[in-house]
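Structural characterization, general
One letter stands for each residue in the lines below.
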Amino acid sequence: MREIPVYLIIGFLDSGKTQFINGILEEGFSRDERTLLLSCEEGELDYEKSALDNVTVIQAEDMDALTPDYLKSLEKKHRPTQILVEFNGMWDLQEFCTARVPRHWIIYQMMCTVEAPTFDLYAQNMGKLMMEKLRNADMIVFNRCTEELKASLRRRNLRMVNRRAEIFLEDETGEAEDYRDGTVSAFDLTQPVIQIPDEDFGVFYVEVSDDLDMYLGKTVKFKGLVCQDRRFGPYFTAGRHAMVCCAEDITYLGLPCAWAQKETLKTRDWVEITARVERAPWALYENEDGPVLQVESARPCPKPAPEVVPF
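Model, not experiment: these values are computed from the prediction. (Residues numbered from 1 in each chain as written. Predicted model: local features only at pLDDT ≥ 70, side-chain atom pairs only at ≥ 80, totals over all residues. Heavy atoms only, no water.)

1. Topic: the overall build of the protein
In plain terms, the rule: Helix numbers and strand numbers start at the N terminus; a helix is a DSSP run of H or I with at least 4 residues, a strand a run of E with at least 2. Working definition: with a 1.4 Å probe on protein chains only, accessible area under 20% of the residue-type maximum means buried, over 50% means exposed, and in between means partly exposed. All accessible areas in this document rest on Shrake-Rupley with a 1.4 Å probe, and a residue is counted as covered only by the protein chains that are shown. Lys and Arg are tallied as positive, Asp and Glu as negative. Neither His nor the chain termini are counted. Charge positions are represented by NZ for Lys, CZ for Arg, CG for Asp and CD for Glu.
Helices and strands together make up the secondary structure of the protein, namely 7 helices and 15 strands. Along the longest, intermediate and shortest principal axes, the C-alpha atoms of the protein span 65 × 50 × 35 Å. Burial analysis of the protein (311 residues in total) assigns 47% to the buried set. Of the roughly 16300 Å² that the protein leaves accessible, carbon and sulfur atoms contribute 47%. When the 36 basic and 54 acidic side-chain charges of the protein are each reduced to a single mean position, those positions are 7 Å apart.

2. Examining the packing of aromatic side chains
Under the convention used in this document: Pairing of aromatic side chains here covers Phe, Tyr and the six-membered ring of Trp, requires ring centres within 6.5 Å, and sorts the geometry by plane angle: under 30 degrees stacked, over 60 edge-to-face, intermediate tilted. Ring-over charges, as used throughout, are those where CZ of Arg or NZ of Lys falls within 6 Å of the ring centre and within 35 degrees of the ring normal.
Considering all chains together, one arrives at 14 aromatic pairs under this definition. Note on Tyr7 and Tyr108: the rings are 5.5 Å apart at their centroids and 65 degrees apart in plane angle, and the pair reads as edge-to-face. Highlighted residues: Tyr7 in strand S1 (residues 4–10) and Tyr108 in strand S5 (residues 105–115), separated in sequence by 101 residues. A relative accessible area of 12% places Tyr7 in the buried class. Grouping aromatic residues by their ring pairs yields a cluster made of Phe201, Phe204, Tyr205, Tyr215 and Phe222. Lys133 extends its terminal NZ or CZ atom over the ring of Phe12, reaching a point 4.9 Å from the ring centre. Looking at Arg154, its charged tip hangs above the ring of Tyr179, at a distance of 5.9 Å from the centre.

3. Some details on the nonpolar core
For clarity, the cut-off: For the purposes of this section, nonpolar cores are sets of buried Ala, Val, Leu, Ile, Met, Phe, Trp, Tyr and Cys residues that join through side-chain atoms within 4.5 Å. Two residues form a contact once any of their heavy atoms are found within 4.5 Å.
By size, the foremost hydrophobic cluster in this structure holds 41 residues, and its most contacted members are Val85, Phe87, Trp105, Leu134, Ile140, Phe142 and Leu153. Discounting residues that sit within four places of it in the chain, Leu153 has contacts with Ala116, Phe119, Phe142, Cys145, Leu158, Leu169 and Tyr179. Judged by nonpolar contacts, the second largest core, of 32 residues, contains Leu189, Val220, Phe236 and Val295.

4. Description of unusual backbone geometry
Cis rather than trans, the peptide bond between Ala305 and Pro306 has omega equal to 0 degrees. The backbone of Asp14 shows a phi angle near 65 degrees, a positive value even though the residue is not glycine. Note on Asp14: relative accessible area 37%, which makes it partly exposed.

5. What to know about the pairing of strand S14 (residues 289–300)
As a reminder of what qualifies: Strand pairing follows a simple DSSP-based rule, namely that at least 2 bridges must link the two strands.
Here strand S12 (residues 250–258) pairs with S14 via 2 bridges, running parallel. Note on S14: the bridge partner recorded for Ala258 is Gln294. In the sheet, strand S13 (residues 270–281) pairs with S14 via 11 bridges, with the strands oriented antiparallel. Bridge assignment links Val277 to a residue of S14, and that residue is Leu293.

6. Notes on a negative patch on the surface
Put simply, the rule is: Note that patches include only residues with greater than 30% relative accessible area and no salt bridge, and the join distances are 9 Å for like charges and 5 Å for nonpolar side chains (Val, Leu, Ile, Met, Phe, Trp, Tyr). Salt bridges are identified by distance alone: a Lys or Arg side-chain nitrogen within 4 Å of an Asp or Glu carboxyl oxygen.
A grouping of Glu26, Glu27, Glu42, Asp46, Glu48, Glu61 and Asp62 is seen on the molecular surface, where their side chains present a negatively charged patch. As for its position among the elements, Asp62 is in the loop between strand S3 (55–59) and helix H2 (68–78). For Asp62, a relative accessible area of 41% translates into the label partly exposed.

7. Here we look at empty space enclosed by the protein
To keep it simple, the criterion reads: Think of a 1 Å grid over the protein atoms and nothing else: a 1.4 Å probe that fits but is trapped marks a cavity, an open set flanked by protein within 12 Å on at least five of seven lines marks a pocket, and residues with an atom within 4 Å of a point count as lining. Grid points are joined across faces, edges and corners, and a volume is the space filled by probe spheres set on the points.
Throughout the structure, instances matching the rule amount to 1 cavity of 30 Å³ or more. Volume-wise, the largest cavity comes out at about 60 Å³. Elements with a minimum of two residues in the lining of the largest cavity: S5 and helix H5 (127–136). It is S5 that provides the largest number of residues to the lining of the largest cavity, a total of 4 residues.

Written as structure tokens, this is what we have:
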């Protein structure tokens, strides 16, 4: 059976879900795709009619009615090539994804909208529901932010709640900035040894590459696949294979490692690296400065499961 991608827009009432959907539809999200839009709650804002040419809107006021058979009947009738869901913030997200959605409907992306001025209120009174959304989202947009709210949200370090999500802070004019500003990390950088979980190597690789100053002088520990190559000069690399967008697009993410005993390692060895992060030029950085790991130990270890990390 043909798989259908599902895009979930999650968040509480008046968090900006409809505005977000209007924005992506007006930018052409459904221009070349027959789209079924399940609207699971009614807010103050309506969908822009001019952007609904290739979109069928179905109102869904009760999750109990959203059975797999009912959803399959909508698919049969409207024949969508993609599905958008404006999800009710008070419903159980896990139940919808695991017990309601037909198996060939693939949850492709979850986008969470949060009204920044009411975030504290919801976090205090509906913490479980709020955290469920933040932890599962692939992208999080905090809207209606003042400069004070941006600073407050960064002090909370929400990247430790969800390491993989892209997080954006949007001001009252709609201008957005990246939550990552070189001061917030997905990991606890106060620890004497920063443990990088197997599944989060890709997150670490991006951070140490893009925000190296945060890591300078820090000690990290992770499992990596060794690669030895004459092009690496005095270094070997330790890293992981990562799936950038699909199974056909897998690449090796390796960091240069300096170690006096590097000759004892072979390509394709799995090792647990403990190393101090420094800055140095490297041939594969086009002789520009970048992260280099001064290895303290490289112990043989079993390969992680899964072997390929998301990126």
